[in-house]
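One letter stands for each residue in the lines below.
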Amino acid sequence: MTAYDPDNIFAKILRDEIPSTRVFEDDETLAFMDIMPRADGHLLVIPKTPCRNVLDASPDQLAAVIRTVQKLGRAVMTAFDADGVTVQQFNEAAGGQEVFHLHFHVLPRHEDVSLRPPGKMGDFDVIAEHAEKIRAALS
Ligand code: 5GP
């Protein structure tokens, strides 16, 4: 498998070299808003330590990330009065992965509402409002 690239975009977010809208962090994980949200409240959860994806992650990295996914999944249920949550995760380019730092997508879902198509930049102010709702649900 290809080696971890410390200059991937999520590594830069972790180092604060590029901006992100953070909603939660602990010692091991960070959750921040996806800039191309496929649903209102679409966020990403990553480990703070390097790994490309599930295939090279340690059990400790996976456990920490899933704990945060569960916490944020519950928070978006409350924040968006959601009917469910989709958790997505892709491994390597052929598996649909575009950014090579392990991440889980957390997408609040409502009955009969489809995900929006991928690749469309969100409105920064709207994303900031959604982040605030998630932070409020966490507190
Ligand atoms: P995946 O690797 O799971 O296919 O998708 C990567 C995800 O990262 C996409 O949903 C995309 O919108 C998101 N993304 C790509 N670049 C950035 C960025 O610079 N900041 C944030 N917050 N999200 C990003």
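Everything that follows concerns the structure shown earlier in this document.
The following paragraphs examine the structure supplied in this document. (Residues numbered from 1 in each chain as written. Predicted model: local features only at pLDDT ≥ 70, side-chain atom pairs only at ≥ 80, totals over all residues. Heavy atoms only, no water.)

Describing the nonpolar core
- Of all hydrophobic cores here, the largest spans 21 residues; its most connected members are Val 23, Ala 31, Met 33, Leu 43, Val 45, Leu 72 and Ile 134.
- Those elements that place two or more of their residues in this core are β1 (22-25), β2 (29-33), β3 (43-47), α2 (59-79), β5 (104-109) and α3 (124-138).
- Here this core gets six residues from one element, more than from any other, and that element is α2.
- Apart from residues lying up to four places away in sequence, Leu 72 is in contact with Val 23, Phe 24, Ala 31, Leu 43, Val 106, Ile 134 and Leu 138.
- If you look at the next biggest cluster of nonpolar residues, it comprises seven residues, including Ile 13, Phe 32, Leu 44 and Val 99. (Core = buried A, V, L, I, M, F, W, Y, C linked by side-chain atoms within 4.5 Å. Buried < 20%, exposed > 50% of the residue type's maximum accessible area, 1.4 Å probe, protein only. Helix = DSSP H or I, 4+ residues; strand = E, 2+ residues; numbered from the N terminus. Contact = heavy atoms within 4.5 Å.)

Re the site of the ligand
- Met 33, Asp 34, Glu 98, His 103 and His 105 are the nearest of the 16 residues found near the ligand.
- Between the ligand and Met 33 there is a distance of 2.8 Å, counted from a nitrogen atom to a backbone nitrogen or oxygen.
- A distance of 2.6 Å separates an oxygen atom of the ligand from a polar atom in the side chain of His 103.
- With the chains in place, 88% of the 520 Å² that the ligand exposes on its own is no longer accessible.
- Mapping the ligand onto the cavity grids shows that it belongs to the largest pocket.
- Sorting the residues of the shell around the ligand by element identifies α1 (9-14) and β2 as the ones contributing at least two each.
- The element best represented in the shell around the ligand is α1, accounting for three residues.
- Taken together, the residues that form the shell around the ligand break down as 10 nonpolar, four polar and two charged. (Near = heavy atom within 4 Å. Polar contact = N/O pair within 3.5 Å; in protein donor to acceptor, adjacent residues only side chain to side chain. Areas by Shrake-Rupley, 256 points an atom, 1.4 Å probe, with all protein chains shown as cover. 1 Å grid on protein atoms, 1.4 Å probe; cavity = no way out; pocket = protein on both sides within 12 Å on 5 of 7 lines; lining within 4 Å. Sits in = over half its atoms within 2 Å of the grid points. Nonpolar A, V, L, I, M, F, W, Y, C, P; charged D, E, K, R; others polar.)

Structural notes on the pattern of salt bridges
- Scanning the entire structure with this criterion turns up nine salt bridges.
- Notably, a salt bridge pairs Asp 7 with Arg 15, separated by 3.4 Å at the nearest N-O pair.
- According to the relative accessible area criterion, Asp 7 is partly exposed, its value standing at 48%.
- Taking relative accessible area as the criterion, Arg 15 reaches 40% and is therefore assigned partly exposed.
- We note a salt bridge from Arg 135 to Glu 132, for which the minimum N-O separation is 2.8 Å. Here Arg 135 pairs with Glu 132, and both are found in helix α3, just three residues apart, close to one helical turn.
- Among the ionic contacts, a cluster of salt bridges with common partners joins Asp 16, Arg 22, Glu 25 and Lys 48. (Salt bridge = Lys/Arg side-chain N within 4 Å of Asp/Glu carboxyl O.)

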